[in-house]
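Chain residues, written in single-letter form:
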Amino acid sequence: MATGFQRSMTPTAAPSGMPGTQKTSGVSATPGTAGSATTAGTVPASAVVARDLWRSFGETPVIRGLDLAIPAGQFVTLLGTSGCGKSTLLRILADLDNEISGKVQIAPRRAVAFQSPRLLPWKRVWRNVVLGLPGRPDKARALEALTEVGLAHRANAWPSTLSGGEAQRASLARALVRDPQLMLLDEPFGALDALTRIRVQTLVEQLWQRHRPAVLLVTHDVEEALLLADRALVMESGVISHSLEINLPRPRNVTDPAFVALRAELLARLGVGAAVTAADTGGSLASPDSTASPDGTASSGEPVGSGAPVGPARPSGTTEDV
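Before going into details, it helps to say that this report is about the structure given with it. (Residues numbered from 1 in each chain as written. Predicted model: local features only at pLDDT ≥ 70, side-chain atom pairs only at ≥ 80, totals over all residues. Heavy atoms only, no water.)

## Things to note about the overall build of the protein chain
Test applied: Numbered from the N terminus, helices here are DSSP runs of H or I no shorter than four residues, and strands are runs of E no shorter than two. Relative accessible area decides the class of each residue, using a 1.4 Å probe on protein chains only: under 20% of the type maximum gives buried, over 50% gives exposed, and in between gives partly exposed. Contact criterion: two residues are considered in contact whenever any of their non-hydrogen atoms come within 4.5 Å of each other. Residue exposure ignores everything except the shown protein chains as possible cover, and the areas themselves are Shrake-Rupley values with a 1.4 Å probe.
The helix and strand inventory of the protein chain stands at eight helices and nine strands. Counting the 322 residues in the protein chain, one finds 48% classified as buried. Excluding contacts between residues fewer than 6 apart, the proportion of contacts in the protein chain whose partners are at least 24 apart in sequence is 70%. Counting only carbon and sulfur atoms, one obtains 52% of the accessible surface of the protein chain, whose full area is about 14400 Å².

## Points about the sheet that holds strand E7 (residues 214-218)
Hydrogen bonding along the main chain pairs the strands of a sheet, whether they run parallel or antiparallel. To keep things clear, this is the line we draw: We call two strands paired when DSSP finds no fewer than two bridges between them. Where helices are involved, their axes are fitted lines through C-alpha atoms of the stretch in contact, as for all axes, and angles between N-to-C directions lie from 0 to 180°.
In space, the six strands of this open sheet follow the order E5-E6-E7-E3-E8-E9, with mixed pairing throughout. Taken across any chain shown, the strands that pair with only one partner, and hence form the sheet edges, are strand E5 (110-114) and strand E9 (239-245). With strand direction ignored, the average angle separating the axes of adjacent strands in the sheet is 20°. Bridge count for strand E6 (residues 182-186) against E7 is five bridges, and the pairing is parallel. Looking across to E7, one finds that Leu184 is bridged to Leu216. Strand contacts of helix H1 (residues 86-93): strand E3 (75-79), E5, E6, E7 and strand E8 (231-236), with the helix running at about 150° to E6, the strand carrying the most contacts.

## Some points on unusual backbone geometry
For the peptide bond that leads from Arg250 to Pro251, omega is -5°, which places it in the cis range. In this structure, Pro251 sits in the loop between E9 and helix H7 (257-269). One non-glycine residue, Arg212, lies in positive phi territory at about 55°.

## Some remarks on the nonpolar core
Definition in use: Throughout, nonpolar core names a set of buried Ala, Val, Leu, Ile, Met, Phe, Trp, Tyr and Cys residues whose side chains join them through atoms within 4.5 Å.
With 51 residues, the main nonpolar core has Phe75, Val129, Leu146, Leu172, Leu185, Leu226 and Leu266 as its most contacted residues. At six residues, the largest contribution of residues to this core is made by helix H4 (residues 164-176). If you look at the next biggest cluster of nonpolar residues, it comprises 28 residues, including Leu53, Leu78, Ala107 and Leu182.

## Describing the pattern of salt bridges
If the charged atoms of two oppositely charged side chains come close together, the side chains can form a pair. Spelled out, the test is: The term salt bridge refers to a side-chain nitrogen of Lys or Arg lying within 4 Å of a carboxyl oxygen of Asp or Glu.
Counted by the stated rule, this structure contains ten salt bridges. Salt-bridge contacts for Asp179 lead to Arg109; the nearest nitrogen and oxygen are separated by 3.5 Å. Highlighted residues: Asp179 in the loop between H4 and E6 and Arg109 in the loop between strand E4 (101-106) and E5, separated in sequence by 70 residues. Given the relative accessible area of 37%, Arg109 is considered partly exposed. One network of salt bridges, in which partners are shared, links Arg197, Asp221 and Glu224.

## A few points about the packing of H4 against helix H5 (residues 194-211)
Test applied: Angles are sorted into four bins: roughly parallel if under 35 degrees, roughly antiparallel if over 145, roughly perpendicular if 65 to 115, and oblique for all others. By definition, turning the near helix anticlockwise from the far helix through less than a right angle yields a left-handed crossing, and turning it clockwise yields a right-handed one. Lys, Arg, Asp and Glu make up the charged group, whereas Ala, Val, Leu, Ile, Met, Phe, Trp, Tyr, Cys and Pro make up the nonpolar group; the residues left over, Gly among them, are polar.
H5 packs onto H4 with a crossing angle of 15° between their chain directions and a minimal axis gap of 10 Å. It follows that H4 is roughly parallel to H5 by the angle criterion. In the packing of H4 onto H5, the handedness of the crossing is right-handed. For the pair H4 and H5, contact is made by Gly165, Gln168, Arg169, Leu172 and Leu176 and by Thr196, Val200, Leu203, Val204, Leu207 and His211, respectively. Partitioned by chemical class, the residues of the contact of H4 with H5 number six nonpolar, four polar and one charged.

In C-alpha cells form, the structure reads like this:
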C-alpha cells in the first residue's frame, strides 16, 4: 500500500506475550531502524489498518491486541462505555500517541477534530483554519473551506466571539482545508445544544458525501452512530468486540423499523438491553467526565466565547493582522 510518508518509532516495552513491534505510517517497520520521509501521490486502498495493537499506561493495558481496518471513503463510528479505549485509539491514529506496540498503517493526509474546537484565541478565524499548513497563510484557501461550512462571513472574527456551533464549524473547516484522506472526530458534537448538534451532524454528513474521506467518529450516541455511519463498531476492554454494517438509505429516519432494530442491537451489545428505547436513553450512553479532553485540557462544554475578551492577548513575540 502506497502512502505519503513513513516513520519509525521506538517501541514500548511489551507485556508478556505481546509482540515488540511498532507503529508506522503506511508501511511496517523493523524495531530500531530509522524511517525516512517519502512522497507518493497514490491514494491508499485502506485509510487505517491496525494489527495486534497494544497501548498500556503503566502496568495497565488499555488497547489489547486490537485489529481494525477502515477502507478508503468509509464512514465508521466507534461506540463503547467510558474507559474502554476509544479516545486512546483515536489519538494513536492521529499520531498523537506513539507509545504503542503492534502494526498500524494510516493514510498520510489526516485531520482531527475534538469535542473542544481548540481555536487559538489570539488568531482570527481564517488564520486558525490554515494554521500549520506550509507556506504563508493563504486567506483564499481558508475562505474556501469556511464557505463550505457556512462560516465565510466570520472569517475575520476572533474565536471568542463565536458561538459553540460556529466554533465547531471552524474546527471542521480547519480539518477540511487539509484535504484529508482520513478524518478523526472525537465526540465533536458533545458540547453542542440539541438543535445545533443536529445541524452540525448534517453538515458533517454533507462534507463526507462531497469529499469522501474515510471518517472515524468516536461517539456515545447510538442514534448518531446509526444516522451517519456505513459501519458501527463497538469497543470493549481495548478491542473491537462487534462490527455492524448499516445498509440503510440516506437520509435516515429514526422511526424506520430497520433503524429501530439496529438501534436495539447496538444497545444490547453495549449492555444497555434491547428493551431500552431511545425515549429512555436519548439514544446515547452515559458520557464520560467532561472536565478534561484527551490531552488533559479543560473541556467544560461552555460556549467558546464565555468570559473571553474580543481582542485577546497574544503570547509574547507573536503578531496578528487582518
